[in-house]
Structures are given as structure tokens and as C-alpha cells.
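Here's the letter readout for the chains.
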Amino acid sequence: MPKAKKVLSTFEREMKNAKFKKTFDKSYKEFLLSELLIAMMDEDEVSVRDLAKEVGLSPTIIQKIRSGKQDDLKISNFVSIAHACGYKVILEKNDDRFEIEDKIINKKHHLNFISA
């Protein structure tokens, strides 16, 4: 008896299209960043204005990140936002761990990597 062919969902069929997949992947990453920021802010009950003031960004930028409409985000801004919400940003590969620290020197952000 022949094996039944698996029927693909609409999503599975669309993901086989390279252009659709690329667009989806980009949008999904923006969605995840938005959800992460919302969760961090909700946990500490931080307003858009208060967070913007603390990290030195405009409230418009914070709101764009929250809504998923920010096309790109500098890593230094992300690290500043995470730190303002009480989080550490850590890069990890195998047994190596590095904390990313954001320091402001002469009104400019500088990232430092600290072995964790």
C-alpha cells in the first residue's frame, strides 16, 4: 500500500518561497524584539517616557521598537534598554560567556565585553 503524501499547511507551502521566507523571518525578528521590550517594561512597570529618558532615546524610538516598526536597532541602544530594565545581555558560545556592558564616555556609547 503506497504511503499517503503529507499535505502541507498554507504556512509550510509559503515558507518554501524564498522571498516570503525572507520577509517572514525579518518580520518575526522585529516581532520578537517588540514582545521582549514590552515584557521587560511591563515587569518593571516602566513607561515609554521614563525608559526613553533613562536611556537617552526619544520616546518615539522606544514606541517604534514596542510596536515592531523600528527597522533596525543599534546594539548599544538595546543593551542600554536591557540594563535600564535590570537585565544583562550575555553572548554565549559553547562554554564561553561574555557580558555586554554599555558605558557612556564623552556622551557616546561604548560596548565592553566582560568574560562571565
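Residues numbered from 1 in each chain as written. Predicted model: local features only at pLDDT ≥ 70, side-chain atom pairs only at ≥ 80, totals over all residues. Heavy atoms only, no water.

Novice: Describe the overall build of the protein, and please don't skip the residues or the numbers.
Specialist: Broken down by element type, the protein carries five helices and three strands. Reading the protein from its N terminus to its C terminus gives the helix and strand order α-α-α-α-α-β-β-β. Buried positions account for 23% of the 116 residues belonging to the protein. (Helix = DSSP H or I, 4+ residues; strand = E, 2+ residues; numbered from the N terminus. Buried < 20%, exposed > 50% of the residue type's maximum accessible area, 1.4 Å probe, protein only.)

Novice: I'd like a rundown of the packing of aromatic side chains, residues and numbers included.
Specialist: Counted by the stated rule, this structure contains four aromatic pairs. For the pair phenylalanine 20 and phenylalanine 24, a centre-to-centre distance of 6.3 Å together with 15 degrees between the ring planes defines the contact as stacked. Remark: phenylalanine 24 and phenylalanine 20 occur in helix α2 (residues 18-44); sequence separation between them is four residues, near one turn of the helix. Look at phenylalanine 20 and you get partly exposed, because its relative accessible area is 30%. With 5.8 Å between their ring centres and 10 degrees between their planes, phenylalanine 24 and tyrosine 28 make a pair best called stacked. With phenylalanine 24 and tyrosine 28 both in helix α2, this residue pair falls four residues apart, about one helical turn. For phenylalanine 24, a relative accessible area of 28% translates into the label partly exposed. (Phe/Tyr/Trp six-rings, centres within 6.5 Å; stacked < 30°, edge-to-face > 60°.)

Novice: Could you give me a rundown of α2, with the residues and numbers involved?
Specialist: End to end, α2 covers 40 Å across 27 residues, agreeing with the expected 39 Å (1.5 Å per residue, within 8%). Here α2 has its buried residues at Glu30, Ser34, Leu37, Met40 and Met41. Residues of α2 that are buried sit in contact with α3 (48-55), α4 (59-67) and α5 (75-84). One or two residues past the end of α2 sits glutamate 45, with phi positive at roughly 50 degrees. (Expected span 1.5 Å × (residues − 1). Contact = heavy atoms within 4.5 Å.)

Novice: I'd like a description of a negative patch on the surface, backed by residues and values.
Specialist: Residues Asp42, Glu43, Asp44 and Glu45 make up a contiguous surface patch of negative charge. Relative to the helices and strands, aspartate 44 is located in helix α2. On the accessibility criterion, aspartate 44 (35% relative accessible area) is partly exposed. (Patch = residues over 30% accessible without salt bridge, like charges linked within 9 Å, V, L, I, M, F, W, Y side chains within 5 Å. Areas by Shrake-Rupley, 256 points an atom, 1.4 Å probe, with all protein chains shown as cover. Salt bridge = Lys/Arg side-chain N within 4 Å of Asp/Glu carboxyl O. Lys, Arg positive; Asp, Glu negative; His and termini not counted. Charge placed at Lys NZ, Arg CZ, Asp CG, Glu CD.)

Novice: Break down unusual backbone geometry for me, with residues and values.
Specialist: Although it is not a glycine, glutamate 45 adopts a positive phi angle of roughly 50 degrees. Tracing the backbone shows glutamate 45 in the loop between α2 and α3. Taking the relative accessible area as the measure of exposure, glutamate 45 reaches 73% and is therefore exposed. For asparagine 94, which is not glycine, the phi dihedral falls at a positive 55 degrees. For asparagine 94, the position within the fold is in the loop between β1 (89-93) and β2 (96-105). Asparagine 94 gets classed as exposed once you look at its relative accessible area, which sits at 70%.

Honestly, it's all geometry; don't read function into it.
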